[in-house]
Amino acid sequence: MKLVRFIYAKQEKWGVLSGNNINIIDGNVYNNVEVSDKSVSVDEVKLLAPCSPSKGVCIGLNYYDHAREMNLKLPDEPLIFLKPSSSLAHPGDSIEYPAISQNLHFEAELAIVIKKQAKNISAHQAYDYILGYTCANDVTARDLQMKDGQWTRGKSFDTFMPVGPWLETDIDPHKLNIKLYLNNTVLQSSNTSNLIFKVPELVEFVTQVMTLYPGDVILTGTPAGVGPMMVGDKVVVELEGIGRLENTIVNEKLGR
Ligand code: MG
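*Asks:* When you look at the overall build of the protein in this model, what are you seeing that I'm missing?
*Replies:* Regarding its fold elements, the protein presents 4 helices and 20 strands. Taking 18 Å as the expected radius of gyration for a compact globule of 256 residues, we find that the protein reaches 17 Å, a close match to that expectation. Principal axes of the C-alpha set define a box for the protein whose edges measure 55 × 45 × 30 Å. In the protein, which carries 24 positive and 30 negative side-chain charges, the distance between the mean positions of the two groups comes to 2 Å.

In structure tokens:
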């Protein structure tokens, strides 16, 4: 099932997507999904990120091919860092190139959206706490990340966490082709079978540390081939069986 969050007639809704049709859900998607008899076309709505995270928990080096490319030793345990909720961007939104960075990078990633409050969840319980899977771009100001050592500034600008276009609830997350297109050229191409730490292990590891809330998101790491983006570029993260998350790069909008 594909779960989609969107704006229609100035109201935020959830629905179930089939083809171009969205069947609107009554009530809370995190509890039980009750589909109404109302429907709209996906062309009539503004898609939103299919989650409202209190935080994005991101995994550092987590693909075998990326580790080989960087000549890095495989990690003994996941490296985690956070993106703030303010960095969330929706499908089709602009990603803002910060005025204080000269090296903005894309990172195509599989994202996990959490279904219910989770703390100290073992790997074998993990799937009960997952609502679904989607695409994300772990946008990174690489120069600031390297300059600071700490990753917070380089990873946390507004618009640096695009997520979407919708959730797939029934899919094996470890068998998906993952691709990144920059202006229609494939620059990352891998498969989630190359994840070093798998989805259940990540849920266990993260929830040893912090409580995850419904709508929180885990970005599972990026494969080989990360690289720079420029103002005017169109960037697409594509996950097989899920969909395509498309955003464009613009100059930072100052003076909000
Ligand atoms: Mg990343």
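*Asks:* How should helix H4 (residues 199-209) be read in this particular structure?
*Replies:* Structural remark: α-helix, 3.6 residues per turn; residues separated by three or four positions point the same way. Those residues of H4 not exposed but buried are Val199, Pro200, Leu202, Val203, Phe205, Val206 and Thr207. Residues of H4 that are buried in the fold lie against strand E6 (55-59), strand E7 (80-84), strand E11 (108-114), strand E12 (130-137) and strand E17 (217-219).

*Asks:* Which parts of the structure should I look at to understand the layout of surface pockets?
*Replies:* Over the atoms rolls a probe the size of a water molecule, and in doing so it shows where empty space is left. Computed from the structure, the largest pocket encloses a volume of approximately 310 Å³. Lining the largest pocket are 19 residues, with His66, Glu107, Arg142, Gln145 and Trp151 positioned closest to its centre. Element by element, the count of residues in the lining of the largest pocket is highest for helix H2 (residues 142-148), at 3 residues. A class-by-class count of the residues in the lining of the largest pocket yields 8 nonpolar, 6 polar and 5 charged.

*Asks:* It is not clear to me how unusual backbone geometry should be interpreted in this structure. Could you clarify?
*Replies:* The phi torsion of most residues other than glycine is negative, and most of the peptide bonds are trans. Residue Pro165 is bonded to the preceding Gly164 through a cis peptide linkage, with omega at 10 degrees. Relative to the elements of secondary structure, Pro165 occurs in strand E14 (residues 161-168). Positive phi outside glycine occurs at Ala9, with the angle close to 50 degrees. The residue Ala9 is located in the loop between strand E1 (2-8) and strand E2 (11-18) in this model. Among the residues examined, Ala9 registers a relative accessible area of 61% and is labelled exposed.

*Asks:* Before we go on, may I ask you to explain the packing of aromatic side chains in this structure?
*Replies:* A ring pair, where both rings are aromatic, is described by two values, the distance of the centres and the angle of the planes. Scanning the model with the defined rule gives 3 aromatic pairs in all. Taken together, a centroid distance of 5.0 Å and an interplanar angle of 65 degrees make the contact between Phe81 and Trp151 edge-to-face. Separated by 70 residues along the polypeptide, Phe81 in strand E7 and Trp151 in the loop between H2 and helix H3 (152-155) bring together distant segments of the chain. In this structure Phe81 comes out as buried when scored by relative accessible area, which is 10%. Overall, Trp151 belongs to the partly exposed group, its relative accessible area being 28%. Note on Phe157 and Phe160: the rings are 5.1 Å apart at their centroids and 45 degrees apart in plane angle, and the pair reads as tilted. The same class applies to Phe157 and to Phe160, which are both buried. Above the face of the Tyr129 ring, Lys116 is positioned so that its terminal group lies 4.8 Å from the ring centre. Cation over ring: Arg244 sits above Tyr181, and NZ or CZ is 5.2 Å from the ring centre.

*Asks:* Whenever I open this one, the environment of Leu48 confuses me. Can you help?
*Replies:* Residue position: Leu48 is located in strand E5 (residues 46-48). Here the alpha-carbon distance between Leu48 and Glu12, two residues 36 residues apart in the chain, equals 8.7 Å.

*Asks:* Would you mind going over the coordination of the magnesium ion with me for this structure?
*Replies:* Reference values for angles at a metal are 109.5 degrees in the four-donor tetrahedral case and 90 or 180 degrees in the six-donor octahedral case. Looking at the magnesium ion, one finds its protein donor set to be Glu107 (OE), Glu109 (OE) and Asp138 (OD), positioned 2.0 to 2.1 Å from the metal centre. Considered as a linear motif, the donors of the magnesium ion on their single chain read E-x1-E-x28-D. Taken together, the residues span a long stretch of sequence, with Glu107 in the loop between strand E10 (104-106) and E11 and Asp138 in the loop between E12 and strand E13 (140-141) at a distance of 31 residues.

*Asks:* Looking at this model, I keep getting lost on the side chain of Ser101. Mind explaining?
*Replies:* Its place among the elements puts Ser101 in the loop between strand E9 (94-97) and E10. Of note is the side chain of Ser101, whose polar atom sits 2.8 Å from the side chain of Asp143.

*Asks:* Would you mind going over the domain arrangement of the protein with me for this structure?
*Replies:* Interfaces are often sized by the amount of accessible area the parts lose when they come together. Domain boundaries assigned for the protein yield domain 1 (2-47) and domain 2 (51-251). Counting residues at the interface gives 11 residues for domain 1, matched by 17 residues for domain 2. Of the roughly 1200 Å² buried between domain 1 and domain 2 on both sides combined, carbon and sulfur atoms contribute 58%. Of all residues in domain 1, the largest losses of buried area upon contact with domain 2 belong to Lys2, Leu3 and Tyr30, amounting jointly to 51% of the total for that side. Linking domain 1 to domain 2 there are 2 salt bridges. For Lys2, the salt bridge is made with Glu168, and the minimal N-O distance between the two is 3.1 Å. Joining domain 1 to domain 2, the criterion identifies 7 residue pairs in polar contact (both at pLDDT 80 or more). Where the side of domain 1 that touches domain 2 is concerned, the elements lending two or more residues are E1, E2 and E5. A breakdown of the residues in the side of domain 1 that touches domain 2 according to their chemical character gives 7 nonpolar, 1 polar and 3 charged.

Thresholds applied
Positions within a chain are numbered from 1, following the residues in the order the chain's sequence is written. Local features are withheld for residues below a pLDDT of 70 in this predicted model, meaning they are given only at 70 or higher, and side-chain atom pairs are given and counted only at 80 or more; totals for whole chains, interfaces and linings count all residues. Side-chain metrics rest on all non-hydrogen atoms present in the structure, leaving aside hydrogens and water. The way it works is that DSSP assigns letters per residue, a run of H or I at least four long becomes a helix, a run of E at least two long becomes a strand, and they are numbered from the N terminus. Computation of the radius of gyration draws on C-alpha atoms, with the globule rule given as 2.2 Å multiplied by the number of residues to the power 0.38. Think of it this way: Lys and Arg go in the positive column, Asp and Glu in the negative one, and His and the chain ends go nowhere. Taken as the charge centre is NZ of Lys, CZ of Arg, CG of Asp or CD of Glu, depending on the residue. Only protein chains enter the accessibility calculation, which uses a 1.4 Å probe; a residue whose area is less than 20% of its type maximum is buried, one above 50% is exposed, and one in between is partly exposed. Whether two residues are in contact is decided by their heavy atoms: any pair within 4.5 Å suffices. Points on a 1 Å grid, built from protein atoms alone, make a cavity when a 1.4 Å probe fits but cannot get out and make a pocket when they are open with protein on both sides within 12 Å along at least 5 of 7 lines; residues with an atom within 4 Å of a point are the lining residues. Grid points are joined across faces, edges and corners, and a volume is the space filled by probe spheres set on the points. Amino acids outside the nonpolar list (Ala, Val, Leu, Ile, Met, Phe, Trp, Tyr, Cys, Pro) and the charged list (Asp, Glu, Lys, Arg) are all regarded as polar, and Gly is one of them. Stacked, tilted and edge-to-face pairs are distinguished by plane angle, under 30 degrees for stacked and over 60 for edge-to-face with tilted covering the rest, among Phe, Tyr and Trp rings (Trp via its six-membered ring) whose centres lie within 6.5 Å. In this scheme, the term charge over a ring applies when either NZ of a lysine or CZ of an arginine sits within 6 Å of the ring centre and within 35 degrees of the ring normal. A donor here means an N, O or S atom no more than 2.8 Å from the metal, or no more than 3.2 Å when the metal is Na, K or Ca. Since water is not included, a site may seem to lack partners. Here a polar contact is recorded for every N or O atom pair within 3.5 Å, except that within protein the pair must consist of a potential hydrogen donor and a potential acceptor, and residues adjacent in sequence are included only if both atoms are side-chain atoms. The source of the domain bounds is an automatic or database domain assignment. By definition, the buried area sums, over both parts, the 1.4 Å-probe accessible area that each loses when the two are put together. By convention in these notes, a salt bridge is any Lys or Arg side-chain nitrogen within 4 Å of a carboxyl oxygen on Asp or Glu.

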